[in-house]
Amino acid sequence: MKLTKCEQGHFYDGDKFPACPYCNTDLQTETAIVHTSEAPTAAEAAAPDGPVAGWLVVLDGPARGRDLRLGVGRSFLGLDAAGTPVTLSPDAPLGARQAVVVYDPETDAFTLQPGSSQELCYLAGQAVLEAQPLTGGEELRLGQSALRFVPFCGSGFRW
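Conventions and cut-offs
- Residues numbered from 1 in each chain as written.
- Predicted model: local features only at pLDDT ≥ 70, side-chain atom pairs only at ≥ 80, totals over all residues.
- Heavy atoms only, no water.
- Helix = DSSP H or I, 4+ residues; strand = E, 2+ residues; numbered from the N terminus.
- Buried < 20%, exposed > 50% of the residue type's maximum accessible area, 1.4 Å probe, protein only.
- Contact = heavy atoms within 4.5 Å.
- Areas by Shrake-Rupley, 256 points an atom, 1.4 Å probe, with all protein chains shown as cover.
- Pairing = 2+ DSSP bridges.
- pLDDT = per-residue confidence, 0-100.
- Axes fitted to C-alpha atoms, helices over the stretch in contact; angles between N-to-C directions.

Within an unreviewed UniProt entry, the label attached to the protein reads FHA domain-containing protein, and the organism entered is Candidatus Gemmiger excrementigallinarum.

Check the secondary structure of the protein and you find one helix and 13 strands. If you list the helices and strands of the protein from N to C, you get β-β-α-β-β-β-β-β-β-β-β-β-β-β. Taking all 159 residues of the protein together, 35% fall into the buried category. Considering only residue pairs separated by 6 or more positions, the protein has 35% of its internal contacts joining residues 24 or more positions apart. As displayed, the protein offers around 9300 Å² of accessible surface, 51% of which is attributable to carbon and sulfur atoms.

A word on the environment of leucine 94. Tracing the chain through its elements places leucine 94 in the loop between strand 6 (85–88) and strand 7 (99–104). Taking the C-alpha atoms as reference points, leucine 94 and serine 116, separated by 22 residues in sequence, lie 5.5 Å from one another. The contact partners of leucine 94, leaving out residues within four places of it in the chain, are Ser116 and Ser117.

For the rest of this paragraph, the subject is the sheet that holds strand 13 (residues 145–151). Read across the sheet, six strands follow the order 4-3-13-12-9-10 without closing on themselves; strand pairing throughout is antiparallel. Two strands lie at the open edges of the sheet, namely strand 4 (67–71) and strand 10 (126–127), each paired on one side alone.

Bringing the confidence of the model for the protein into the picture now. Per-residue confidence for the protein gives a mean pLDDT of 84, with 87% of residues at or over 70. Contacts from residues 30–44, a stretch scored under 50 in pLDDT, to residues over four places away or in other chains number 14 contacts.

This brings us to the environment of threonine 4. Tracing the chain through its elements places threonine 4 in strand 1 (residues 3–5). Along the primary structure threonine 4 and cysteine 20 are separated by 16 residues, whereas in three dimensions their C-alpha atoms are 8.4 Å apart. The contacts of threonine 4, once residues within four sequence positions are left out, are His10, Phe11, Tyr12 and Gly14.

Here we come to the sheet that holds strand 6. An order of 6-5-7-8-11 is seen for the five strands of this open sheet, with the pairing classed as antiparallel. Pairing within the sheet leaves two strands with one partner each, and these edge strands are strand 6 and strand 11 (132–134). For this sheet, the mean angle separating the axes of adjacent strands, direction not counted, is 30 degrees. Two strands pair when backbone bridges link them, and strand 5 (residues 73–79) and strand 7 are joined in this way by five bridges, in the antiparallel orientation.

Right, here's the structure in full:
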């Protein structure tokens, strides 16, 4: 994504639009028609860069039995259009990010943080409103899906 600022001060994706879509509203209509067959980028599962640090395993709900890879640093979590939990790419819109799992290799620790969307993430039945430590085996809920946290790093192993 190429963040571009127009003369009026609007920010827009210069890779998607040749000019500011806020100043030239015809561009919004044309782009919407061109991209209707594509899935939204926010819902695309994204494997984290670098080595795996842990997983979330879907226990119940859409994609039961599927695992989501967690990487070193921040792994953004959300739901796709079908309500299936996904690991989001770092450039996913803020409204799609329901939670963030962070693995800090310096402290060898995992933390669950609230996301930036209006939808909540729950840890052990409680809404995540501030950062919470994760040690392994905790149950999270995103939408109608229950997930279990399984660490790979920590407890003696780190990349």
